[in-house]
Amino acid sequence: MQFLNLSKQRLALRGPLRRAVERVLNRGAFILGEEGATLEHRIADLTRTRYAVGVNSGTDALYLSLQALGIKSGDEVIITPFTFVATAEVIANLGARPVFVDINSRTYNIDATKIERVVTKRTRAIIPVHLYGQMADMQPIMHIAKHKRLAIIEDSAQALGASQVVRGKRRMAGSLGNVGCFSFFPTKNLGAYGDAGMAVTNDARPAEVLRLLRNHGSRKKYHHEVLGVSSRLDELQAAMLLAKLPYLRRWNMARRRIAAQYTRAFSGIPELRAPVTNVGSYHIFHQYTVRTHRRDALQSYLEHHGIPTAIHYPLPLHLQPAFKYLGYHRGDFPEAERAAREALSLPIYPELRAAEQAAVARAVTHFFTSEPA
Ligand SMILES: *Cc1c(COP(=O)(O)O)cnc(C)c1O
């Protein structure tokens, strides 16, 4: 068994993927062409937003969105310490300061009740991360952002197709903030065969600036209005993503089904906590992450029984050497630190076979019934 097997999906879609590649090769346009434009329309439709701008990666989507919203050196941006490094990296690389807020121990997402106390005169934005495929609690975050005049950039890299009911209306991940950012890194729910990302927004202004920034600040060849970068989503990746996109809904449903089966299998184990789904939340289970005080022992046991697992994430960002200069210490964010010690992700992907899934559930159950603490 593999923690994630991408080859099954690639083989199943061999025909459509090959035709997509051939179409681009035959046309001979590789950067900023019709595949990318079509993908932008489809992702805007899917997320129910007005504009989508393809870029080179999820990280660039975040970086360029911060820039497009005017975040600059000396500004502060509020984020969770329990996320992939990119969320904090982009803030720091702009010369702005990542300001961490601890997580909610049930959902692993930012604890909205702790945001307001870290807002200062320099705070400009909040980046909620929709971790593991479940959206952060957006209503209180939007309330604070409105009252403190802060921008919201949703890090939706793990949440394409996730949604949440906000004030009685179902809202898609990426559509609630000023800008929403997606990643098509190969291991994400919709994965490219290389790097790719996208930013979505309902506002014309950031969309226009993002289009400039990703292409050397240029709208007209050799005329450069602003200082930009080279960060386009190329045509080959766009064409292959378009070939895969029709299956995303089914794939997310398959992930949810596997998650429900795991959770049912684990319901009688008091020492293990299955993922919690909020009311009104459509969780797409990019990861299925359990927690237990006996995480390391469980991981070794599973490894010994041929079941690979992963830890997302073993070291919270405030304790990473790269962010030492921010001056945070161990103990500053106890919930994030506890999650880093207790969280364990189990294999979950649409092509995971029923027998494999049953083997995972059986081994986990067996560990807790046969290996006393
Ligand atoms: C994957 C990921 C990113 C970065 O996306 P890339 O396309 O790899 O640059 C950012 N944030 C989170 C939460 C991610 O999971």
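To keep things clear, this report deals only with the structure shown in the data block. (Residues numbered from 1 in each chain as written. Predicted model: local features only at pLDDT ≥ 70, side-chain atom pairs only at ≥ 80, totals over all residues. Heavy atoms only, no water.)

The subject of this paragraph is the site of the ligand. Around the ligand, the surrounding shell holds 14 residues, and the nearest of these are Gly58, Thr59, Asp155, Ser183 and Lys188. Separating an oxygen atom of the ligand from a side-chain N or O atom of Thr59 is a distance of 2.5 Å. Contacts to the ligand include Lys188, whose side-chain N or O atom sits 3.0 Å from an oxygen atom. When the free accessible area of the ligand is taken as 380 Å², the share hidden by the protein chains comes to 93%. Within the residue set of the shell around the ligand, elements represented by two or more residues are α4 (58-68) and α5 (86-93). Of the residues contributing to the shell around the ligand, the split by class is five nonpolar, seven polar and two charged. (Near = heavy atom within 4 Å. Polar contact = N/O pair within 3.5 Å; in protein donor to acceptor, adjacent residues only side chain to side chain. Areas by Shrake-Rupley, 256 points an atom, 1.4 Å probe, with all protein chains shown as cover. Helix = DSSP H or I, 4+ residues; strand = E, 2+ residues; numbered from the N terminus. Nonpolar A, V, L, I, M, F, W, Y, C, P; charged D, E, K, R; others polar.)

Time to look at the side chain of Ser231. Mapping Ser231 onto the fold places it in the loop between β11 (223-224) and α8 (235-244). For Ser231, the side chain forms a polar contact with the main-chain nitrogen of Asn56, separated by 3.0 Å. Those residues in contact with Ser231 that sit more than four places away from it in its chain are Gly54, Val55, Asn56, Asp60, Leu64 and Arg214. (Contact = heavy atoms within 4.5 Å.)

This part takes up the environment of Ala92. Tracing the chain through its elements places Ala92 in helix α5. C-alpha separation for the pair Ala92 and His286, spaced 194 residues apart in sequence, amounts to 26 Å. Contacts of Ala92, omitting those with residues within four sequence positions, involve Pro98, Phe323 and Tyr325.

Let us look at the packing of aromatic side chains. Two measures describe an aromatic ring pair: the distance that separates the ring centres and the angle between the ring planes. Using the criterion set out here, one finds 13 aromatic pairs in the structure. For the pair Tyr108 and Tyr132, a centre-to-centre distance of 5.3 Å together with 70° between the ring planes defines the contact as edge-to-face. Separated by 24 residues along the polypeptide, Tyr108 in the loop between β3 (97-100) and β4 (123-126) and Tyr132 in the loop between β4 and α6 (138-148) bring together distant segments of the chain. With a relative accessible area of 4%, Tyr132 lands in the buried category. Look at Tyr262 and Tyr288: their rings are 4.9 Å apart centre to centre, the planes differ by 45°, and that puts the pair in the tilted class. A residue pair is termed long-range when its members are at least 10 positions apart, and Tyr262 in helix α9 (residues 248-265) and Tyr288 in strand β13 (residues 288-291) qualify at 26 residues. Residue classification places Tyr262 among the buried residues on the basis of a relative accessible area of 1%. If you follow Arg256 out to its NZ or CZ, it ends over the ring of Tyr282, 3.9 Å from the centre. (Phe/Tyr/Trp six-rings, centres within 6.5 Å; stacked < 30°, edge-to-face > 60°. Buried < 20%, exposed > 50% of the residue type's maximum accessible area, 1.4 Å probe, protein only. Lys NZ or Arg CZ within 6 Å of the ring centre and 35° of its normal.)

With that settled, consider the environment of Leu160. Relative to the assigned elements, Leu160 resides in the loop between β5 (151-155) and β6 (163-166). Separated by 88 residues in sequence, Leu160 and Leu248 place their C-alpha atoms 8.8 Å apart. Ignoring any residue separated from it by four or fewer positions in sequence, one finds Leu160 in contact with Ile43, Leu46, Thr47, Phe182, Phe184, Leu190, Leu248, Asn252 and Ile284.

With that settled, the discussion passes to the packing of helix α2 (residues 14-27) against α8. Across the interface, α2 lies against α8 with an axial gap of 9 Å and an inter-helix angle of 145°. Viewed along their axes, α2 and α8 form a crossing whose handedness is right-handed. Across the interface between the two elements, Pro16, Leu17, Ala20, Val21, Arg23, Val24 and Arg27 of α2 pack against Glu235, Leu236, Ala239, Met240, Ala243 and Lys244 of α8. Class assignment for the residues of the contact of α2 with α8 results in nine nonpolar, no polar and four charged. (Axes fitted to C-alpha atoms, helices over the stretch in contact; angles between N-to-C directions. Left-handed = near helix turned anticlockwise from the far one by under 90°.)

So, about unusual backbone geometry. The linkage connecting His312 with the following residue, Tyr313, adopts the cis geometry, with an omega of 10°. Mapped onto the elements, Tyr313 comes out in the loop between α10 (295-304) and α11 (334-342). For Arg167, which is not glycine, the phi dihedral falls at a positive 45°. Among the structural elements, Arg167 can be located in the loop between β6 and β7 (169-172). Here the phi dihedral of His216 falls at roughly 60°; this positive angle occurs in a residue that is not glycine. For His216, the position within the fold is in the loop between α7 (204-213) and β10 (218-220).

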